[in-house]
Amino acid sequence: MAFWNRTKDLPREREEVGGAPLDPTALLELVERIGDECAQEVGRLGGDADQVMATVHLDTVQRVTRVELVSDGMPLLTGKTFIRQLNDLAAPLVNQPPGRRLAHIDATVADGQLQTRITYAD
């Protein structure tokens, strides 16, 4: 597995800083879109997109730091490009106030049905 300096590759500041936090409905829609992207990435990597377990880890400023994808019990490697795509998608999370910041997002696709779970950092 390749390693790189994530803090060097990712911008330190997000442009959206200072905006309004996401309302609960928008947050759930965003988390579902992130889960869908993970399932699509599994399909692109040659795995079964209908059987996926994904964990998206976020840092304190709500940047995606790591993605773990598993399909049919086999771990799949993700690259910097996919993490950058998820960072672009997750950009609105930067305005979540303390107490509502996310630590990680778990997405599970079983028989084509997506289920997501949010774990808060605070």
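Scroll up to find the structure this text is about.
Everything quoted here is computed from the prediction, not taken from an experiment.

**Q** Quick rundown of the pairing of strand β1 (residues 51–58)? Include the residues and the values.
**A** When a strand is regular, its side chains alternate between the sheet's two faces. With respect to burial, β1 is a largely interior element, six of its eight residues being buried. Note: β1 against strand β4 (residues 102–110), seven bridges, orientation antiparallel. Looking at the pairing, Val-52 lines up with Val-109 of β4. Two elements, β1 and strand β2 (residues 64–71), share seven bridges in a ladder whose sense is antiparallel. Opposite Val-56, over in β2, you have Val-67 as the bridge partner. Here β1 hands over to β2 after five residues, with Gln-62 in that stretch at a positive phi of 65 degrees.

**Q** Any details on unusual backbone geometry? Residues and values, ideally.
**A** What you tend to see is this: most non-glycine residues have negative phi, and most peptide bonds are trans. One non-glycine residue, Gln-62, adopts positive backbone phi at about 65 degrees. Turning to its location among the elements, Gln-62 is positioned in the loop between β1 and β2. The backbone phi angle of Asp-111 is positive, close to 55 degrees, even though this residue is not glycine. Relative to the elements of secondary structure, Asp-111 occurs in the loop between β4 and β5 (113–120). The exposure class assigned to Asp-111 is exposed, which follows from its relative accessible area of 66%.

**Q** Can you lay out the pattern of salt bridges for me, pointing to particular residues and giving the numbers?
**A** Inspection of the entire model under this criterion finds four salt bridges. The salt bridge partner of Glu-41 is Arg-44, with a shortest N-O separation of 2.9 Å. Of this pair, Glu-41 and Arg-44 both sit in helix α2 (residues 24–44), three residues apart, which is roughly one turn of that helix. For Glu-41, a relative accessible area of 9% puts it in the buried group. Put simply, Asp-59 and Arg-63 hold a salt bridge, and the shortest N to O gap is 3.0 Å. Taking relative accessible area as the criterion, Arg-63 reaches 9% and is therefore assigned buried.

**Q** Describe in detail the nonpolar core, supporting the description with residues and values.
**A** Counting 26 residues, the largest nonpolar core has Ile-34, Cys-38, Val-56, Val-64, Val-67, Leu-86 and Leu-93 as the members making the most contacts within it. When residues of this core are traced back to their parent elements, those giving at least two are α2, β1, β2, α3 (80–89) and β4. Counting residues per element, this core draws most heavily on α2, at seven residues. Beyond its immediate stretch of four places on either side in the chain, Val-56 contacts Ile-34, Cys-38, Val-64, Arg-66, Val-67, Leu-86, Ala-103, His-104 and Ile-105.

**Q** How would you summarise α2 if you had to cite specific residues and measurements?
**A** For α2, with 21 residues, the first-to-last C-alpha span of 30 Å sits near the 30 Å given by 1.5 Å per residue. Within α2, burial applies to Leu-27, Leu-30, Val-31, Ile-34, Gly-35, Cys-38, Ala-39, Glu-41 and Val-42. Tucked inside the fold, the buried residues of α2 contact β1, β2, β3 (74–76), α3, β4 and β5. For α2, the side-chain oxygen to backbone nitrogen distance between the N-cap and Thr-25 is 3.0 Å, and the N-cap itself is Asp-23. A positive backbone phi angle near 95 degrees is found at Gly-46, which sits one or two residues after α2.

Cut-offs and rules
- Residues numbered from 1 in each chain as written.
- Predicted model: local features only at pLDDT ≥ 70, side-chain atom pairs only at ≥ 80, totals over all residues.
- Heavy atoms only, no water.
- Buried < 20%, exposed > 50% of the residue type's maximum accessible area, 1.4 Å probe, protein only.
- Helix = DSSP H or I, 4+ residues; strand = E, 2+ residues; numbered from the N terminus.
- Pairing = 2+ DSSP bridges.
- Salt bridge = Lys/Arg side-chain N within 4 Å of Asp/Glu carboxyl O.
- Core = buried A, V, L, I, M, F, W, Y, C linked by side-chain atoms within 4.5 Å.
- Contact = heavy atoms within 4.5 Å.
- Expected span 1.5 Å × (residues − 1).
- Polar contact = N/O pair within 3.5 Å; in protein donor to acceptor, adjacent residues only side chain to side chain.

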